[in-house]
Amino acid sequence: MSRTAAAVRAPAAPLPPERPAAPTASEQPVATGVDGSTAPVILDVAGLRTYFFTYDGVVKALDGVTLQVHRGETVGLVGETGCGKSVTAFSITKLIADPPGRIMDGRILFKGANLLFGIEREAKFKPIKKTNRVKVRRYYRRIKAGQERMTAVRGGGISMIFQEPMSALNPIFSIADQISEALFLHRGLPIIDGLLKAKTRGPDVEKALQAVADAARGGDRAALRAAADAFGVTTGLATLGTQAYYVFRGTTGDTEPKVHEMRKALKRAEFSGLQRNYLLTRRRQIGLESQLKASYLEEMRTGTLDRNHRRFVRSKRLALKLSTAYLGLWGVRGYSRRPITDEMFWQTVQLLEGVSIANPVQVARGYPHELSGGMLQRVMIAMSLSAEPELLIADEPTTALDVTIQAQILELMKDLKKRIGTAILLITHDLGVIAEVADRVCVMYAGNVVEVGPVRDVFKRPLHPYTQGLISSIPRMDEPDKKLESIPGSVPNLIYPPSGCRFHPRCPHAMPVCREKRPPMTVEGGGHTVACYLYNGPVTQG
Amino acid sequence: MRMWIYIVRRLLLLLPVIIGVMTITFVLISTLPIGERLQSYYGPSKFGYAPTCSTTQEGCVCVTPFNGTCPNPAYVRGTSALGLNKPIYIQWLQYMKNSLTLNWGSTDHGSKASGTLLGGSTIPVTTVLSYYLPYTLELATFSLLLILALAIPLGNYSAVYRNRPLDQATRVMSFSGFALPGFLLALLLLLGATILAGQFQTICNGQSTPYFEFYGSWPPTVCYPGGVGPTWIGAYYQTSPTGFPTVDALIHHNWFLAWESVKRQILPALTIAYGSVAGILRFVRNSMLEVMNLDFIRTARSKGVSESVVVSKHAGRNSLNVTITVLGLTFAYFIGGFAIIEDVFNLKGIGLLLAYSIQPSIDFGLVFGTTLLFTIIVVTANIIVDILYAYLDPRVRLG
Amino acid sequence: MAGKSAGGSAPKPAVVTTSGGPPILKGRRPSPRIAQLKRTWYFLSRNTLALIGLAILVFFVGVALSQQIPSAHALPRDSLQLFCGTYTGLGGGNFTQLSAGECTVVCTYATGQPPPSPNCYAVDSFNPANVPPTLSLAHLSGGPLPLGSLTISSNGNLFYSIYDGFLVGAQWSLFIAVSIVLAGAAIGLALGAVAGYLGGLVDELIMRVTDIFLSIPGLLLVLVVLAAIGHEFSTLAGRVGLLIGAFVVTWWPGYTRVVRGQVLVTREQKYVEASRASGAKTGRIILHHIVPNSLYPVLVQLSLDVGAIPLLIGGITFLGYQIFPTPYFPEWGTMSALSITILPSALTACQISTSGAPCMFPWWQLLFPGLIVFLFAIAVNFLSDGMRDAFDPRLRR
């Protein structure tokens, strides 16, 4: 991203020393031997079980899912419709609809913090006699507390993009509003600091502005870009550079009104007392929020509740909110926020540039219903990457799009992967997409992970019968006369799942032992693991 | 720009509705016997009415606008003025013309409305309405604000804490508000206010004592012999400059009167609100529940937005759109109850006019005039609601 | 193996099959409609409020069905069949004691004429219809009267007790409310389905008309219709018909709009398209597919309205308009309004007759009629709310 938040990233201000920071144990020991990758594991899912309690019975959507994601790698999660891929994704971020769903069991370690901390105390179960339903007694306060804890991780640590871009954005807010919301939540501090440090007066600023005007008159877009960048550097606020570029773009003749407009824009970095007051208050507020989030992370990491610290921070936050209540007067608040709003608008424009949107200013000002699916998905990607998360979960991002758009989005994702280095958990049912983008692939069937391995390996040498069936069912151009294979049978009903290995009713190699017990995950070398009794390599935890 | 086009379009749609409503009242009027029709238009005549007459015959209607006496020898064929001897569509056109030029007839000095409120005179209906309208509008605004302030937060929280104690409690409360007849609720509130004010007397003494000044307005009209209660700020107090009692009092810096007028409206507004909150609350709750299941809520959560902000900002704003729509419909519903409320609390508004005018003998001019006016209010309110809706939801105004 | 009952660990599946899939049921599976009804009943029965509402409604309907057809009761002007029950005389004054356990007929006849039957009791023919529902003649007996009694005063005015009014009123209120609602719903279904399905000009036209009617506040339209046309009808049947007609004229647009909204959704469903593609005629599609699937919101709305109608009738009466041929008609809404409006005269009469001794405030007169109407409306509300929650798939737990 040439003009994204990365360019304006300033080192985060140190937190006020309310609490000594615990030593971060965010790296797990390198797990060689299992998957061959040497990068540290950032996401470690073990034994994830998610059930849905419905009128028709208990749907055992996930029954012990285990997978790992290493830093910077792209893991594909593939399987048929209904096998539980999306449920896995939502379970990781705890976005499961709570009635009727519940994450029952498991451990999800994200940088050392167990995201499922406290799960077992959130509900109690009692089967109803003579039916296959279960009565669930939910402890809402604990559930709510759990969700609060997740806000420390969502967005900044793990972010998501979804399948239907057309409905994924709030229709009544503009694009800029929604991206700004994400931006400010996670990068509020650098934004405010940048604003506070910007330089708007002085001869070099004037000179740079004139240089931009000259470049505009020249008509060469690249030169204009360069001059605008220089302007941004001179003022210390890169977004001013972006703004300059878009303001001047297209004017060849009279640049005076545009210069005037830029001068007005410069003013946003010189704020009135009220605005400065607001900025500083927000800064303190962000500091408190970070503390709160840090304490949440600590809780999840160490597995103990620290109510006192939380209460302390919350009360400070409330005091801050009450003392600045006067700023909440409608109109006054809008005015006080103006520097932040403007700044974030142009950062949004930068982000949209980074995802190759052609006219970012119009798009940013516009509303979701005005954009096409492909554009919206780019916007979603921009929004989710604005906070520079360590893990991006992409839930079937291209399924709802046309093939050509799909290709564009995939290119974009590959490009971003190279530039930022976020790990991606890509969920899809399209093996072609996996082949394009993923480093490793997990194959899921009916709520279990059945095979994991590097992409080329799994494609060349599929071990699990299901994977074999999947791969051989893809029509191939080089064997046009070959009969299309399919896997006989259909996806099982997850209220009454098959015993033992869930694939055994459809498996051509089923053995008696398959019916009795679930096969453990065994290593077959080179990071390739499979859960099938046909193989008997060393067992890993599965 | 597109907003203005939208507004103009909505205003244009107003016209057929008004014409339609006037057609309905016309259909009803045309079923009246001729004597009543003439009377409702011209007011009572010393000589009565006759369908046809020759120039000097006694029994013709004498038309001297609006004062009921007849200077000799000005006789007119009243029937032809109203087109009563012409085919029905001519009558309809005549009626349209009259209505649109605000020629709505006069009150009947024999009716109860005229007798109790207007001192037994015959006044043009529009004049009467213009005196009484501001009171009703003030009460309506007051009630509307109250309803919004109650229904929207309660509805939101009922949705978020679905099926938990708060939800059940608001459900029962809103049901009881819906199930009580308006007059009963009003009286119960009055009784409650009396007890609270410490003056525990029987409700109707048989003497016209103004009491519980603090909380409510005057005791219901039933408590006064003959049904004539004391009035406040005069029978038709010509408030200036706006005509609205509270606003005018504030303009004149008369804080006492302003507070008096607000005091008089607290209980009626509460009665109206308590009855209407039920419907709106359910609607807010259901639309909120729908909105909370939509995709973008999940996106907001995945961004790391805290739950309270998700509920208030993302979900709340979206369900507000739907709520505003239903508000427009509920307006029509609770306006109908104004007649009863104003009767109970003896507030001098157009609802009271309607209530009096349907008691025997029925004052047709007032009946139809009040109904038309109420309809115009409802239609205007709906248009405002539509405009508000467009403002809140960009999908509507941007096409 | 069943899961642990308390202590909260996750349950294991109760049925373990080898190949996956629901257990094979013995016998025939119930048809989908029945299954849906069972499911609806399941949700309804979990909802306590709805059950309470249902119980109250069943009770009221039972009361209504257990009475004789009330035409005789409604017009004390002609002849009145008294209930066979406890008749208590009132001490003092010129009261005629009725014999207990005897059904007698009260008839009116002009003064000076002989009574037409030996079992007639004189009723002042100039006030034949003066039968207010009240027990506020407490002064006559020095205390409140038992609820089930009937009294005749010295000048022959006949009063029916609130209890009797409740019994007879059940029939009237339910009859009026149900006819209004059914007629309105029928018109609404017909017009709404046609408008929603056919669309285009027909839709526009019907919608405009609906808008016009909906702009007139509900109660006002009823009042205006009653006021304008009311003088033409004077018989009981006529006036009841007028009342029902006035209400139907007001209610039908609401139903039309609701139905049309639902039809707009239903007609986009795939089975409608399939039906059209296989050649079904429009009429059949509307009748067979659209209407049954649009019934649910209509049912919900219908049940709400049934509860609201006695309230509105009470409102009209409270404003002073006399709906029925006699001023004190035993219908629930009317009773609740009248019990309030005649309160001053009752109190006055009370004070006059006791000449100074304290009167007991007739709280029962205020309480019971209002309570009846309130219970009816709230029962209906609970039930309709429960039905709405049961029908809506998204709101299920």
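Residues numbered from 1 in each chain as written. Chains lettered and ligands numbered in written order. Predicted model: local features only at pLDDT ≥ 70, side-chain atom pairs only at ≥ 80, totals over all residues. Heavy atoms only, no water.

**Details of the overall build of chain B**
Stage number 1. The helix and strand inventory of chain B stands at 16 helices and 0 strands.
Stage number 2. Sequence separation of at least 24 residues holds for 65% of the intrachain contacts in chain B that already meet a minimum separation of 6.
Stage number 3. Looking at chain B as shown, the accessible area adds up to about 16,300 Å², and 67% of this sits on carbon and sulfur atoms. (Helix = DSSP H or I, 4+ residues; strand = E, 2+ residues; numbered from the N terminus. Contact = heavy atoms within 4.5 Å. Areas by Shrake-Rupley, 256 points an atom, 1.4 Å probe, with all protein chains shown as cover.)

**Let's talk about the pattern of salt bridges**
Stage number 1. As enumerated under the stated definition, the model contains 28 salt bridges over all chains in all.
Stage number 2. Among the salt bridges present, the one from Asp167 of chain B reaches Arg285 of chain B, with a minimum N-O distance of 2.9 Å. Of this pair, Asp167 of chain B sits in helix H7 (residues 165-179) while Arg285 of chain B is found in helix H10 (residues 255-292), placing the two residues 118 residues apart along the sequence.
Stage number 3. Classification of Asp167 of chain B as buried rests on a relative accessible area of 1%.
Stage number 4. Looking at Arg285 of chain B, the relative accessible area reads 2%, which means it is buried.
Stage number 5. Close ionic contact of Arg260 of chain C with Asp203 of chain C constitutes a salt bridge, the shortest N to O distance being 2.8 Å. (Salt bridge = Lys/Arg side-chain N within 4 Å of Asp/Glu carboxyl O. Buried < 20%, exposed > 50% of the residue type's maximum accessible area, 1.4 Å probe, protein only.)

**Some thoughts on the pairing of strand E10 (residues 423-428) of chain A**
All names here are of chain A.
Stage number 1. Here E10 lies mainly inside the structure; 6 of its 6 residues are buried.
Stage number 2. In E10, alternate side chains face the same way, and those of Ala423, Leu425 and Ile427 on one face and Ile424, Leu426 and Thr428 on the other are all buried.
Stage number 3. Looking at chain direction, strand E3 (residues 74-78) and E10 are connected through 5 bridges and run parallel. Considered in E10, the bridge of Val75 is made with Leu425.
Stage number 4. In this sheet, E10 lies alongside strand E9 (residues 391-395) in parallel orientation, the contact comprising 5 bridges. The residue bridging Ala394 from the neighbouring strand is Leu426, located in E10.
Stage number 5. Taken together, E9, helix H15 (residues 403-420) and E10 form a β-α-β motif whose crossover is right-handed. (Pairing = 2+ DSSP bridges. Right-handed = clockwise from strand over helix to strand, strands pointing away.)

**With respect to the packing of helix H5 (residues 175-197) of chain A against helix H10 (residues 273-302) of chain A**
A pair of packed helices is captured by two measures, namely the crossing angle of their axes and the spacing between those axes.
Residue and element names in this part refer to chain A.
Stage number 1. At a closest axis distance of 10 Å, the pairing of H5 and H10 adopts a crossing angle of 140°. At the point where H5 passes H10, the crossing takes the left-handed sense. The segment H5 lies against H10, with Phe184, Leu185, His186, Gly188, Leu189, Ile192, Asp193, Leu195 and Leu196 engaging Arg276, Leu279, Leu280, Arg282, Arg283, Ile286 and Lys293.
Stage number 2. Here the residues of the contact of H5 with H10 are counted per class, giving 9 nonpolar, 2 polar and 5 charged. (Axes fitted to C-alpha atoms, helices over the stretch in contact; angles between N-to-C directions. Left-handed = near helix turned anticlockwise from the far one by under 90°. Nonpolar A, V, L, I, M, F, W, Y, C, P; charged D, E, K, R; others polar.)

**Description of the packing of aromatic side chains**
Stage number 1. In this structure the tally under the stated criterion is 18 aromatic pairs over all chains.
Stage number 2. Aromatic pair Tyr445 of chain A and Tyr466 of chain A: ring centres 4.7 Å apart, planes at 55°, arrangement tilted. On the criterion of sequence distance, the pair formed by Tyr445 of chain A in strand E11 (residues 440-445) and Tyr466 of chain A in helix H18 (residues 465-472) is long-range, its members being 21 residues apart. Accessibility classification places Tyr445 of chain A together with Tyr466 of chain A in one group, the buried group.
Stage number 3. The ring of Tyr140 of chain A carries the charged tip of Arg164 of chain B above its face, separated from the ring centre by 3.7 Å.
Stage number 4. A cation over an aromatic ring shows up here: Lys313 of chain B above the ring of Phe173 of chain A, its NZ or CZ 5.7 Å from the ring centre. (Phe/Tyr/Trp six-rings, centres within 6.5 Å; stacked < 30°, edge-to-face > 60°. Lys NZ or Arg CZ within 6 Å of the ring centre and 35° of its normal.)

**Brief notes about the nonpolar core**
Stage number 1. Ile350 of chain B together with Phe247 and Ile316 of chain C are the most contacted members of the largest nonpolar core, which has 148 residues in total.
Stage number 2. Of all the elements, helix H5 (residues 162-198) of chain C adds the most residues to this core, at 14 residues.
Stage number 3. Setting aside residues no more than four positions away along its own chain, Phe247 of chain C makes contact with Ile180, Val222, Leu312, Ile313 and Ile316 of chain C.
Stage number 4. Judged by nonpolar contacts, the second largest core, of 117 residues, contains Leu67, Phe231, Phe345 and Val449 of chain A. (Core = buried A, V, L, I, M, F, W, Y, C linked by side-chain atoms within 4.5 Å.)

**Some thoughts on the sheet that holds strand E2 (residues 57-70) of chain A**
Residue and element names in this part refer to chain A.
Stage number 1. Ordered in space as E2-E1-E4-E5, the 4 strands form an open sheet in which the pairing is antiparallel. A strand with exactly one partner marks an edge of an open sheet, and here the two such strands are E2 and strand E5 (113-114).
Stage number 2. Sheet topology places strand E1 (residues 41-54) next to strand E4 (residues 101-110); 8 bridges connect them, and they run antiparallel. The residue of E4 that forms the bridge with Ala46 is Arg107.
Stage number 3. Its contacts with the sheet place helix H2 (residues 85-92) against E1, E2 and E4, and it is angled at close to 110° to E1.

**Looking at the sheet that holds strand E12 (residues 448-454) of chain A**
All names here are of chain A.
Stage number 1. Taken in spatial order, the 8 strands of this open sheet run E8-E9-E10-E3-E11-E12-E14-E13, and their pairing is mixed. Because the sheet does not close on itself, it has two edges, and the strands there are strand E8 (158-161) and strand E13 (522-523).
Stage number 2. Across 2 bridges, E12 lies against strand E14 (residues 529-530) in antiparallel orientation. Within E14, the residue paired with Glu451 across the bridge is Val530.
Stage number 3. Most of the contacts of H2 go to E10, to which it runs at about 145°, and overall it touches E3, E8, E9, E10 and E11.

**Remarks on unusual backbone geometry**
All names here are of chain A.
Stage number 1. At the junction of Pro99 and Pro100, the peptide bond is cis and its omega measures out at 5° in the coordinates.
Stage number 2. Its identity is not glycine, yet Lys111 carries a phi of approximately 50°, on the positive side.
Stage number 3. Within the secondary structure, Lys111 is located in the loop between E4 and E5.

**A look at the packing of H5 of chain A against helix H14 (residues 373-385) of chain A**
Residues and elements named next belong to chain A.
Stage number 1. Following both chains from N to C, one finds H5 and H14 inclined at 25°, their axes separated by 9 Å at the closest point. It follows that H5 is roughly parallel to H14 by the angle criterion. Residue-level contacts link Ile175, Gln178, Ile179 and Ala182 of H5 to Leu376, Val379 and Met383 of H14.
Stage number 2. Taken together, the residues of the contact of H5 with H14 sort by class into 6 nonpolar, 1 polar and no charged. (Parallel < 35°, antiparallel > 145°, perpendicular 65-115°, else oblique.)

**Observations concerning the interface of chain B and chain C**
Interface size is often expressed as the accessible area that is lost when the parts come together.
Stage number 1. Contacts between chain B and chain C engage 53 residues on the former and 50 residues on the latter.
Stage number 2. Carbon and sulfur atoms make up 75% of the area that chain B and chain C hide from each other, which totals about 4,500 Å².
Stage number 3. Run the count over chain B and chain C and you get 0 salt bridges.
Stage number 4. At the junction of chain B with chain C, the criterion picks out 0 residue pairs in polar contact (both at pLDDT 80 or more).
Stage number 5. By residue number, the principal contributor to the side of chain B that touches chain C is helix H15 (residues 364-392) of chain B, which donates 8 residues. (Buried area = accessible area lost by both parts, 1.4 Å probe. Polar contact = N/O pair within 3.5 Å; in protein donor to acceptor, adjacent residues only side chain to side chain.)

**Some points on a nonpolar patch on the surface**
Stage number 1. On the surface, Trp259, Ile266 and Leu270 of chain B cluster together to form a nonpolar patch covering roughly 250 Å² of accessible area.
Stage number 2. Along the chain, Leu270 of chain B falls in helix H10. (Patch = residues over 30% accessible without salt bridge, like charges linked within 9 Å, V, L, I, M, F, W, Y side chains within 5 Å.)

**Some words on the confidence of the model for chain B**
In regions of low pLDDT, the predicted coordinates are not meant to be interpreted in detail.
Residue and element names in this part refer to chain B.
Stage number 1. Per-residue confidence for chain B averages 72 on the pLDDT scale, and 67% of its residues sit at or above 70.
Stage number 2. Between the elements of chain B, mean pLDDT differs from a low of 54, seen in helix H3 (residues 78-82), to a high of 90, seen in helix H11 (residues 295-303).
Stage number 3. The low-confidence segment residues 61-77, where pLDDT is below 50, has 31 contacts with residues more than four positions distant or belonging to other chains.
Stage number 4. This model gives residues 205-217 a pLDDT under 50, and the stretch forms 31 contacts once residues within four places in sequence are excluded. (pLDDT = per-residue confidence, 0-100.)

**Some words on the environment of Lys112 of chain B**
All names here are of chain B.
Stage number 1. By the secondary structure assignment, Lys112 is in helix H5 (residues 112-117).
Stage number 2. Relative accessible area serves as the criterion here: at 23%, Lys112 is assigned to the partly exposed category.
Stage number 3. For Lys112 and Tyr131, which are 19 residues apart along the polypeptide, the C-alpha to C-alpha distance reads 18 Å.

**Things to note about helix H4 (residues 88-100) of chain B**
All names here are of chain B.
Stage number 1. In this model, H4 (13 residues) spans 18 Å end to end at C-alpha, consistent with the 18 Å of a helix rising 1.5 Å per residue.
Stage number 2. Burial in H4 covers these residues: Gln91, Tyr95, Met96, Asn98 and Ser99. Buried residues along H4 cover an arc of 165° about the axis, so they all sit on one side. Across from the buried face of H4, at angles greater than 90 degrees, the exposed residues are Tyr89, Lys97 and Leu100.
Stage number 3. Of the residues trailing H4, Leu102 is marked for its positive phi of about 60°. (Expected span 1.5 Å × (residues − 1). Arc of directions from axis to C-beta.)

**What to know about the side chain of Ser275 of chain C**
Stage number 1. Locating Ser275 of chain C in the fold gives a position in helix H9 (residues 270-277).
Stage number 2. Excluding residues that lie within four positions of it along the chain, Ser275 of chain C makes contacts with Ala280, Ile285 and His289 of chain C.

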